[in-house]
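Analysis of the macromolecular model
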Amino acid sequence: MCQGRSRVWFVCDALGIVCAASTWGLVLGAASALLSELLIPSPDLAYAAANGALFHLLAFLGLASHARAMLTDPGSVPLSEPPRPGAARCQRCGGARPARAHHCSVCGRCIRKMDHHCPWINNCVGEDNQKYFVLFTLYIALAALHVLLLLGVPALRHYARGEWNTNSTVSPRGSLIFLFLVSLKGLIFTSVMFGTQMHAICTDQTRIELLQKERARWGKGTMWMNLKEVFGHHVSVAWINPFASQEPQKLDEHHDVV
């Protein structure tokens, strides 16, 4: 781990760096294939412009969310923070261990409300960057779905018109196969992650707490209150804006030391 809360946060993990760079490479590669194979050759300029703008907007928001999730301190407990009298101390990093915090062996720190360590963002998903991770999965899932529709709708239209049948020979180019596979796998992965994250937020229970079957010692709020704790206390466009900083959560709810 490099630096802390007031500075740029970056986890110095080789596997995580490779996975995070691969994420950017796959998205940018898909954008390049989409342009060169589907949009630029299209005779319909309005069709190409509209779909190109939509895809690149979703991809831009997805990568911006990825960068925020990767470079935001997920909620690390400062090593200099002394534990309260009678409170727990982490045996691995030696720091105070707040309620609902867990030690991450990759980051080398205890993370508040740690859900899991994700190599694809090279960071933990915790209380201070969960919003960005959710937005990353949302926008990439939408971008992948958009690409699959651009590939699938014309194919179904050709089949409905009788232009294809069981005797037809279809030999798609390698770039189209790449685009299809990346989009399909991206949609499946990000949709599953988005669903699990939204369930964790709505139930106010992290994946670690669920797997370890930890009994809730904290006061669970309503689903609506839990959503506002992550995305913002006032419903606005900031909920889906990766450039709007996540509001800090209330200290008395999640930061008590046990």
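Please refer to the structure placed before this passage.
Below you will find a few notes about this structure. Values in this document were obtained by computation on a predicted structure and should not be read as measured data. (Residues numbered from 1 in each chain as written. Predicted model: local features only at pLDDT ≥ 70, side-chain atom pairs only at ≥ 80, totals over all residues. Heavy atoms only, no water.)

All right, on to the side chain of glutamate 37 then. On the secondary structure map, glutamate 37 appears in helix H1 (residues 14-39). Not counting residues within four places of it along the chain, the set of residues in contact with glutamate 37 comprises Arg173, Ser175 and Leu176. (Helix = DSSP H or I, 4+ residues; strand = E, 2+ residues; numbered from the N terminus. Contact = heavy atoms within 4.5 Å.)

Together, Ile177, Phe180, Leu181, Leu184, Ile188 and Val192 line one region of the surface with nonpolar side chains, adding up to about 500 Å² of accessible area. Looking at the element boundaries, isoleucine 177 is found in helix H4 (residues 174-203). Overall, the relative accessible area of 40% leaves isoleucine 177 in the partly exposed class. (Patch = residues over 30% accessible without salt bridge, like charges linked within 9 Å, V, L, I, M, F, W, Y side chains within 5 Å. Areas by Shrake-Rupley, 256 points an atom, 1.4 Å probe, with all protein chains shown as cover. Salt bridge = Lys/Arg side-chain N within 4 Å of Asp/Glu carboxyl O. Buried < 20%, exposed > 50% of the residue type's maximum accessible area, 1.4 Å probe, protein only.)

Looking now at the nonpolar core. Looking at soluble globular proteins, one finds that nonpolar side chains tend to be buried together. Within the largest apolar cluster, 29 residues are counted, with the highest numbers of intra-cluster contacts made by Leu34, Phe55, Ile121, Phe133, Val147 and Leu179. Within the residue set of this core, elements represented by two or more residues are H1, helix H2 (45-71), helix H3 (130-160) and H4. Among the elements that line this core, the one with the most residues is H3, at ten residues. With residues near it in sequence (within four places) discarded, isoleucine 121 still touches Ala20, His66, Ala69, Met70, Asn129, Phe133 and Phe136. Membership of the second largest hydrophobic core comes to eight residues, among which are Trp9, Cys104, Met114 and Ile208. (Core = buried A, V, L, I, M, F, W, Y, C linked by side-chain atoms within 4.5 Å.)

Take the packing of aromatic side chains next. Applying the stated criterion across every chain yields a total of five aromatic pairs. Ring centres of phenylalanine 133 and phenylalanine 136 lie 6.3 Å apart, and the angle between their planes is 45°; on these two criteria the pair is classed as tilted. Residue phenylalanine 133 and its partner phenylalanine 136 are located together in helix H3, separated by three residues, close to a single helical turn. Ring pairing ties together the aromatic residues Trp224, Phe231 and Trp239, which thus form one cluster. (Phe/Tyr/Trp six-rings, centres within 6.5 Å; stacked < 30°, edge-to-face > 60°.)

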